[in-house]
Structures are given as C-alpha cells and as structure tokens.
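Structure assessment
Here's the letter readout for the chains.
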Number of protein chains: 2
Amino acid sequence: MPEPVENAEVKSPSYDLSKFRLKRILTNNSVRKSISLLGTFPDISETDDAIVVFEKNAYRESDVATPESPSEESPKKPSYFNANLKVSTEFVNNIYGSFQVVPSRDLCGVKSTVIYPATDKHIEKYSVCQKYLIRETPDLYQKITLPYLTSSQFSLEWVYNILEHKQEKERIVFEDADPETGFILLPDLKWDGRNVENLYLLGIIHKHDIKSLRDLNGSHLDLLRNLRQASKDAISKRYGLNPNQLRMYFHYQPSFYHLHVHINPVRNDAPGIWCEKSHMLDTVINNLELLPDYYQRATLPFVLYEGNKLLDLYEQEQPIRKVAVLSDDKEQAEQERTDPAATEGFSDVEPEERQCKRIKLATPEPKEAEATVQSCA
Amino acid sequence: MPEPVENAEVKSPSYDLSKFRLKRILTNNSVRKSISLLGTFPDISETDDAIVVFEKNAYRESDVATPESPSEESPKKPSYFNANLKVSTEFVNNIYGSFQVVPSRDLCGVKSTVIYPATDKHIEKYSVCQKYLIRETPDLYQKITLPYLTSSQFSLEWVYNILEHKQEKERIVFEDADPETGFILLPDLKWDGRNVENLYLLGIIHKHDIKSLRDLNGSHLDLLRNLRQASKDAISKRYGLNPNQLRMYFHYQPSFYHLHVHINPVRNDAPGIWCEKSHMLDTVINNLELLPDYYQRATLPFVLYEGNKLLDLYEQEQPIRKVAVLSDDKEQAEQERTDPAATEGFSDVEPEERQCKRIKLATPEPKEAEATVQSCA
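Overview of the structure. Each residue is numbered by its place in its chain's sequence as written, counting from 1. To label them, take the chains in the order written and letter them from A, then take the ligands in the order written and number them from 1. Two thresholds apply to this predicted model, a pLDDT of at least 70 for residue-level local features and 80 or more for giving and counting side-chain atom pairs, whereas whole-chain, interface and lining totals are computed over all residues. Side-chain measures were taken over the full set of non-hydrogen atoms in the model, leaving aside hydrogen atoms and water.

**Things to note about the sheet that holds strand S2 (residues 34-40) of chain A**
For clarity, the threshold we go by: For two strands to count as paired, DSSP must find a minimum of two bridges between them. We count a stretch as a helix when DSSP gives it H or I for four or more residues in a row; a strand needs E for two or more, and each element gets its number in order from the N terminus. Angles here are taken between N-to-C directions and fall from 0 to 180 degrees, while the axes themselves are lines fitted to C-alpha atoms, restricted in helices to the stretch in contact.
Spatial strand order, S1(A)-S2(A)-S3(A)-S6(A)-S5(B)-S4(B): 6 strands in an open sheet with antiparallel pairing. Strands with a single pairing partner mark the edges of an open sheet, and in this sheet they are strand S1 (21-29) of chain A together with strand S4 (86-93) of chain B. Neighbour to neighbour, the strand axes of the sheet diverge by 20 degrees on average, direction disregarded. Bridge analysis of strand S6 (residues 110-115) of chain A against strand S5 (residues 96-102) of chain B gives 6 bridges, and the strand direction is antiparallel. Residue A:Ile115 lies in a different strand from S5(B), and its bridge partner there is B:Tyr96.

Shown next, in the form of structure tokens:
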C-alpha cells in the first residue's frame, strides 16, 4: 500500500474507514448531529493523523413518503413508512407517544469526510474553536483595529465590480443608483436564490469609504433609511415577503470593509446572527438619531477567533487569553492564584474528578445536556 | 380497536407507526435533522389527525469507540468502526475524501414523537412559526406593551423566593447581598450544572421594580457594572472560565419582568442569542454612559410569535401581519396591489409555478439550501 503524502501528484491514499482507530473526539455537536474524530489508520501508518467527520443526513421528502392510494402497497422509493420500520416504545401517555424507531438501512446514510494525513492546522480547524470577546473602545479602534485593517489591505475589487456592473450583473435583485443613498441588492452566496424560506440578500451601498458601522454618523441617516425602506419594498414586491418578517443587520467586524447590510427572514436561524456580532439596522438608525456621533463614541463588542492575527495584536495591548482571577477580596484572590485547583478551574473538586470533568468537556454525552460547541470548520 | 379520544381515563390509542399516511410535511429542519409530519392512521380513523416528529439521535461516545488494544477485535458496544460499516465513496481528492457511510442498524435510531389525535393547536405548534419584528418606540411601550404587562400580572413569586432564600438556596452559585447593586447567580434550567462547556447561568438582581431594559437609566450603572464584574470573577473562580469568553446579555422582551442577565460561553450557540432579541450587557452599560436616558428614548426591536396576544394588540395599532406593498412609485405600487400575483408574492412567475414554489417552501429539499426554519414547538 502506498505511503500517502500531501502532494497532488501522488495517488490518493486508500484507507479502510472501518479500520480507523480513535485517539480522541475533537467536537460533538448534538444539535447538528455531527462528530469530529482524531485518530489513525494503523494498517497504513501508526503515526499519520486522520480526521473523520460524521454528520447525519437531513430528511428528504422521499424519506417520509407514504402510498398515494390505498391500493398501492408502499411508495416507490425507500421510506420510513413500511413494514421494515422497527419501533420500540419509550412511553405512551394519553395522546402523546415517544418511540425509538429504526428505518430500513438505505435510510441510515451518514455523510462522512476524511482528511488523511491531517496536519495540526486541520486538527485545530476541527477542534472546539476558542472565541474571545473584545470591547473595542474608540481609542482601541484607532490604535489597533484600524491600522490592522489598513495594513492588511483586503481588496474590494470584487465589490466595485458588482457596483459598476462589471460582474454578477444578472444576479442583481434591485438597484437604487443614487451615488449618495443608493445600493445594490443581490443574493448572498449562502442562498441558492430559489427557496424563499431561506432568503439571504446583501444590500451593498454605492457610496465608497464607509468601511463599517464605526464610520457611520448622522449625515448617513438618509442613506440608511433608504436602504431599509427600499430593500423592504423590493423584497415585498419580488418575493412576497412581509417587511415585518425581515431581519436586517450589520456585522461587526464585517467580513469585508465596504458597508453592506444582511437581510433574511426573522423566523430562520441564519449563520452569524448572534448578539455579539450583529447590529440591527433599526437600532443603528435609532442610535444615530439619538446621538449623531454614536459610532465614534461607542464601545463596540466583537468576537475574535483563535488564529486571527488581530487577536495577537489585542493580546499585546491587554491580556485576552490569560487573565488573572480578579476579586475585590485581594487576599482571597491571591490565595486562589497560588492554589493550582483554582487556577486550573473547578476549585471545588478533587484533582482526579477535575481530570474526569476535563475529559467530559471534550466529549460531552449528548443525553446530559445539549452541547452546541462550534468548531472553527 | 377502541376509538381514541383526548381523555386521560381512556386507554392510550394503539396505532401502528409504519401504517401512517402522510398528508403534508409541517417543518423540515436540515440543521437539526428533524422533520414534523401531519397525517392519519387510516387503520384506526380516516379523519383523526396525527402528528409524527422524527429527530435523528445525537452521537454518543460509544458510537465511535474503537478497540483499545490491537488484540481486541472490536469494542464492546456497537460502534461505527467495525466490518459492518457500509462505505460508498463520493470522491477522494488528495488528502480529502467524501463518503456516504451506513453503520449497523443498532446505530440508526431516530427519536420519534407521536401526537394522536392531534388538535389544530398541536398542528400550529409543529408548523413553521410565524414571527414578526416590532419596532417599539417609547410611545408604543407606554401605550401597548406596558399596559399589557401590567394587566397580565405575571407572578414573580418564584423570583422573590430565590432572592429571599426560600427556594433553590442550594443552587446559588454566588450572591452579592447588597440591596441596591447585589444579585444572585444560579444555573438556568437549561443547564445541567455539570458540563462547563454548556454553562448557562442567570444573574438575578436583588433590587425590585426594574422590569426590563426599558426601566434602566444612568442611576443603575453601579448595579450593572457590579453585575458584570462580580459575575465574571465568580465564574472565573468557580468554573475556571476566562471572563473574555463569556457572553452576558439581556433578552428583550424577557420571559419574566424582573431584571436578569443571561451568561454563557461565547463559543456556544445558546438558544435565543439572536440579535433581534438579545442585548449585550457591555453595550447596555455603554449606552447608559453615553445617554443616561437611552432606554427611555430608544426604539427597541423585539419579536412576537403568532399566537401571542401582544401581537393582536399591536395589530390593532398598525398593520403587522398584512402590510401593503410600499413604493416611492405610487402608481406602480397601486397596480401591484390589485395584481393577485403581486399580493400573493412571486410577482415574476406564473400562477402554476407559484403553486409549485409554495409547495417547495413547505418542504424544502435539504440538498438545495440549508433550511433552518423553526417551528413554534
């Protein structure tokens, strides 16, 4: 069997998935029903790491089809609803019943991704992602964030290509061409452009040089109000969606530094709508109405992931990853600091139990609590 | 076979799950891998509705266990990693491989819940939940929200019992007993209190009569700053969590009207952390620093679900559920309003195609786009 190496010219490695040997669980997401594993294929190599990710398949319509007429015995494609369904009753109480069922094997598919051999970078990507909250004061923005943005010089060529109709012209959903208050509405890459339930649009303003929220002031209120109203009208007309059911928000930090608003239906959990990252357009407008220089004076929270260079820059300014235990009771805090139990955490348990808990942290049993830890993948 | 009725004294209905006949899919959540179905059990009754919900099981550690020593053939409990694993390759490209795998049948369990007979209320609960965004101005708060809260008189007895140590005393994680700036920290009911990865605490203030965000003003800054710092210190000491990795926020509207802060690790997706519902404590403090009467002057967004009485009260004030298509071009808007295609939505497609799309909306194919529509369940 050939020794696999990370080289496009070499034949892809041939491993037997069933002979994977587990080293440890990297993440277990009980909401998504996915799990990432680190291990080896000892048949091929004792040392090369492999990452195996399982994610259960979502339901397709055909999985739950039933016969269309009484004469038809069962639907054409495999379905849960046939005599093969194994049912074990957990309880039946009045009108409520709880069961464990097992459908026929053709419906038990699991999507699996294997990375082999895996580097440390891959392992980090599929492990629990460390995130840190930064409280960005106006001073810290000027001193750290802004110079970083400027020096990294993210290219905005692709944005200007859209605004100038050089690219993606056919994807434009709506345009207001006014250079001061206008914008272009087009589908986000996360949306297939067809299923309105999952609608996800971006509104990219025509005006240049508004990098993010931070640059907004009272003089931009006309732009923002137009962005809000004209987007709602266009979406209502084209997709029949009630404007009161749309979520419109900015990310901070954004993924690119040319002001754009995210739009999706409020009944959906779109990615990245967390309160530490997303700012409702309504609230932004209202903040500027209350204080025209709100965003030049506000402390804005934002999240940095482990591996982001900006995190290192903030770490040089103030401790982010490692912070001392703070306390009004300095003596007690001092004592805790020298107590290994306290600094390692779990100060109320014995060392062995701590070790146990740490292992449990890495591999939570889904029945115990709903683990929704994210990997950086 | 007895006719099942919704009555505790009657024997629970005995249906054969495999003989379910589908009427329609109520929701299909491709993130959670769950699906809710409406149909009947024609063997028992042609008319009584049944709701069947399937949700694939999350992974347990034992599902992915592998032999601990080379001599051991396979792990004790059923696991993916044995010769029964069916693997079909989708592609292998260099170090990346994509497969569909099917484990042995004992690992294909699916949690199923059946409600039979189901009422219209049940059907609504398991259907796509309609949510509406309200922009609550200070006037609307005074005129609609506040009178509603006052008249509904949600009892806060259980909160006072906690604060007075009459109940749940053993669950208290930390207490600062100061009547003006103090609070009690205890586990939220969503947390098992053991797995620190999923930590979820509530900080309930001692001071009475601050119902929500709306009541906060500059005089509460000491309280809020103490809530922030003392919680972080307590959590750092007791659980060893880095204060920079904690998300602290208020819900608006809250589930009960005595001010409390939610605390969980920022790397987790806790329920309800959406930007339309959650307000970061850091931002609240900063808003009050910038404008002591910020929350008496701000327009605050919040979400109302179909079925909430407050939604009806707002609907009486302004159209929420049904809004006319707005447009700067009044004539065009007028025309669209009388055009059934426009009012039904999808104004750019033929009626039959519309019908198709509507069906697709109700039953999105997971392969097309990641549907994350929530039911009210």
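That covers the picture; the talk isn't over yet.
**A word on the packing of helix H4 (residues 221-239) of chain B against helix H5 (residues 281-290) of chain B**
Residue and element names in this part refer to chain B. Stated precisely, the cut-off is as follows: Each angle is binned into one of four classes, with values under 35 degrees roughly parallel, values over 145 roughly antiparallel, values of 65 to 115 roughly perpendicular, and all other values oblique. Here a crossing is called left-handed whenever its near helix is offset anticlockwise from the far helix by less than a right angle, and right-handed whenever the offset is clockwise. Contact definition: two residues touch when any of their heavy atoms are within 4.5 Å. Amino acids outside the nonpolar list (Ala, Val, Leu, Ile, Met, Phe, Trp, Tyr, Cys, Pro) and the charged list (Asp, Glu, Lys, Arg) are all regarded as polar, and Gly is one of them.
Here H4 crosses H5 at 155 degrees, and the two axes come no closer than 10 Å. Taken together, the axis directions place H4 and H5 in an arrangement best described as roughly antiparallel. The two elements H4 and H5 cross, and the hand of that crossing is left-handed. Contact residues: Leu-221, Leu-224, Arg-225 and Arg-228 in H4; Leu-281, Asp-282, Val-284, Ile-285, Leu-288 and Glu-289 in H5. When grouped by side-chain class, the residues that make up the contact of H4 with H5 number 6 nonpolar, no polar and 4 charged.

**Brief notes about empty space enclosed by the protein**
Here is the rule: Using a 1 Å grid laid over the protein atoms alone, points where a 1.4 Å probe fits but cannot get out form a cavity; open sets with protein on both sides within 12 Å along at least 5 of 7 lines form a pocket; any residue with an atom within 4 Å of a point counts as lining. Grid points are joined across faces, edges and corners, and a volume is the space filled by probe spheres set on the points.
Tallied over the entire structure, the rule returns 9 cavities of 30 Å³ or more. Roughly 280 Å³ of volume is contained in the largest cavity. What lines the largest cavity is a set of 21 residues, among which A:Ser278, A:His279, A:Thr283, B:His279 and B:Thr283 lie closest to the centre. The volume enclosed by the second largest cavity comes to roughly 90 Å³. As for the second largest cavity, its lining consists of 14 residues, and the residues nearest its centre are A:Lys56, A:Leu107, A:Cys108, B:Lys56 and B:Cys108. Tallied by class, the residues present in the lining of the second largest cavity amount to 10 nonpolar, 2 polar and 2 charged.

Note that all results are geometric; they support no functional claim without further evidence.
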